[in-house]
Amino acid sequence: MGQCLSGGRSCLDVPGRLLPQPPPPPPPVRRKLALLFAMLCVWLYMFLYSCAGSCAAAPGLLLLGSGSRASHPSPALATAPDGTPPRLPFRAPPATPLAAGEEMAEGAASPEERSPEAPDSPSPISSFFSGSGSKQLPQAIIIGVKKGGTRALLEFLRVHPDVRAVGAEPHFFDRSYDKGLAWYRDLMPRTLDGQITMEKTPSYFVTREAPARISAMSKDTKLIVVVRDPVTRAISDYTQTLSKRPDIPTFESLTFKNRTTGLIDTSWSAIQIGIYAKHLEHWLRHFPIRQMLFVSGERLISDPAGELGRVQDFLGLKRIITDKHFYFNKTKGFPCLKKAEGSSRPHCLGKTKGRTHPEIDREVVRRLREFYRPFNLKFYQMTGHDFGWD
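Predicted, not measured: the structure shown is a model, and the values here were computed from it.

**Student:** I tried to follow the overall build of the chain on my own but got confused; where do I start?
**Tutor:** Of regular secondary structure, the chain possesses 13 helices and 13 strands. When the accessible surface of the chain is totalled, it reaches about 20,500 Å², and 58% of it is carbon and sulfur.

Take a look at the structure:
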């Protein structure tokens, strides 16, 4: 067996001639190729997971899928035990031109805060991800307060991988309740198991019907209220309106019904919103205090990671958002994100945030502090937290 020599030519002792075959690749090369393929699969999975969640929650890129624009029947409205909806002990502000201007200013503060419309037809991208997660009614809502820091809190929370929130303010429980829960659900981003759906509409806190309506949707809804020194909040509220309507009366003239007697005009929404204890009484008729978290707007600036830690605990989330996510922007005067959701670049709130307040007469500020003091003390007792505004 083997090779034989005959006439100077080599031959094989098997029939025919076999062409030479290339040797198989060595095992290390195969292992490297297999490892590379596995890494590629993992990367592709992570990319699809990120897009299905993060991109769906990003403002301006809502992967809302399909939905009907037709109206849906309104869900049943819960009432107080006596059969009548409870009322706050002070009257609501009249629908004056100034109030209309304030509403316009609130809605025009930034594009991401405008009320959303019903979703359009699904795009190819949303259709591709239509099987990733599902749309749920929110399990947590930031219900207030206007000019308290709600936009900052929402943007900070959206860094968490287990939080999915709609970017625009839905205004469902105050303006669009007649469109039905199906319409409301269709505004929400898709979520996976273990993720929380959220929204924020600050006007809910001062809307009389909102507590009963949210309770009718789910009695287990967690409610977050961002509160701020009511005097500073009122001035910030006025500043926002002034930026849209430079011809409005002065802050001082709007604050008092009668400047001589010093009687505060509680019908002006900028003043009324800051009477937190009155509004909270109405919410406590429908929700236990343990289902509400009160976030300090001041601490959200001075210690954002600390306040976000409390919020994450309240929502049952792992503490992922920490000091490493923030840096202080000296120009704006408040903290910004080092990396926003879905981006690798630093992110600060828009130019509509952090406006310079006008100079207000010190005597007016003093009178306002005297007016708010008893309401603040009652609010401290109700929440079990001293916010230090006095």
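Additional details are given in the paragraphs that follow.
**Student:** Please clarify how the packing of aromatic side chains should be interpreted in this entry.
**Tutor:** We describe a pair of aromatic rings using the distance from one ring centre to the other and the angle between the two ring planes. One pass over the structure, following the stated rule, counts 23 aromatic pairs. Consider the rings of F172 and Y177, whose centres lie 5.4 Å apart with planes at 50°: the pair is tilted. The buried category is assigned to F172, whose relative accessible area is 0%. For the pair F379 and W389, a centre-to-centre distance of 6.2 Å together with 10° between the ring planes defines the contact as stacked. One end of the pair, F379, is in helix α13 (residues 362–383); the other, W389, is in the segment after α13, and ten residues separate them in sequence. As far as the burial class goes, F379 and W389 line up, both buried. One aromatic cluster is present, built from ring pairs that chain together F172, F173, Y177, W183, Y184 and Y204.

**Student:** Would you explain the UniProt feature "active site" (unreviewed entry) in the chain in this entry?
**Tutor:** UniProt's entry tags K147 with the feature "active site" (unreviewed entry), counted in the numbering of this structure. Structurally, the position occupied by K147 is in the loop between β4 (140–144) and α4 (150–157).

**Student:** How do you make sense of the state of the cysteines when you look at a structure like this?
**Tutor:** Here is the idea: a disulfide is a covalent bond, and it sits between the sulfur atoms of two cysteines. Taken as a whole, this structure holds one disulfide when the rule is applied. There is a disulfide in this structure between C336 and C348, and the S-S distance comes to 1.7 Å. Linking C336 and C348, the disulfide has an S-S dihedral of approximately 105° and is accordingly described as right-handed. Separated by twelve residues along the polypeptide, C336 in strand β13 (residues 334–337) and C348 in the loop between β13 and α13 bring together distant segments of the chain. Across this residue pair, the class does not change: C336 and C348 are buried.

**Student:** I keep staring at the pattern of salt bridges and nothing clicks. Help me out?
**Tutor:** A side chain with one charge may pair with a side chain of the opposite charge, provided their charged atoms come close. A complete count under the given rule lists 17 salt bridges for this structure. Residue R299 pairs with D303 through a salt bridge whose shortest N-O separation is 2.9 Å. For R299, a relative accessible area of 33% puts it in the partly exposed group. Under the relative-accessibility criterion, D303 is labelled partly exposed at 26%. Linking E363 and R366 is a salt bridge whose minimum nitrogen-to-oxygen distance equals 2.5 Å.

**Student:** Looking at this model, I keep getting lost on the sheet that holds strand β11 (residues 292–296). Mind explaining?
**Tutor:** Hydrogen bonding along the main chain pairs the strands of a sheet, whether they run parallel or antiparallel. The strand order β5-β7-β4-β8-β11 describes an open sheet built from five strands, whose pairing is parallel. Pairing within the sheet leaves two strands with one partner each, and these edge strands are β5 (163–165) and β11. Each neighbouring strand pair of the sheet contributes to a mean axis angle of 25°, computed without reference to strand direction. Running over the sheet, helix α12 (residues 304–314) touches β8 (222–227) and β11 and is turned about 170° from β11.

**Student:** Even after reading the chapter, I still don't get the pairing of β13, so can you show me in this structure?
**Tutor:** Two faces make up the sheet, and in a regular strand the side chains alternate between them. Taken together, the four bridges between strand β12 (residues 326–329) and β13 define a ladder with antiparallel strand orientation. Bridged to F328 within β13 is P335. Count of turn residues in the β12/β13 antiparallel hairpin: four residues, of which G333 carries a positive phi of about 85°.

Thresholds applied
- Every chain is numbered on its own, with residues counted from 1 as its sequence reads.
- Local features in this predicted model are restricted to residues of pLDDT 70 or higher, and side-chain atom pairs are both shown and tallied only at a pLDDT of 80 or more, whereas totals for entire chains, interfaces and linings draw on every residue.
- Computation of side-chain values covers all heavy atoms of the structure but excludes hydrogens and water.
- Comment: elements are numbered from the N terminus, with helices defined as DSSP H or I runs of at least four residues and strands as E runs of at least two.
- Only the protein chains shown count as cover for residues, with accessible areas throughout obtained via the Shrake-Rupley method and a probe of 1.4 Å.
- Pairing of aromatic rings covers Phe, Tyr and the six-membered ring of Trp, with a centre-to-centre limit of 6.5 Å; geometry is then stacked below 30 degrees between planes, edge-to-face above 60, and tilted otherwise.
- We call a residue buried when its accessible area falls under 20% of the maximum for its residue type, exposed when it is over 50%, and partly exposed in between, using a 1.4 Å probe and counting protein chains only.
- UniProt positions are given in the numbering used here, feature names are shortened, and annotations may be inferred rather than shown by experiment.
- Note that a disulfide, as used here, is simply two cysteine sulfur atoms within 2.5 Å.
- By definition here, a salt bridge exists when the distance from a side-chain nitrogen of Lys or Arg to a carboxyl oxygen of Asp or Glu is within 4 Å.
- DSSP bridges decide pairing: two strands pair if at least two such bridges lie between them.
- Every angle, taken between N-to-C directions, lies between 0 and 180 degrees, and every axis is a line fitted to C-alpha atoms, over only the stretch in contact when it is a helix.
- It only takes one pair of heavy atoms within 4.5 Å for two residues to be counted as in contact.

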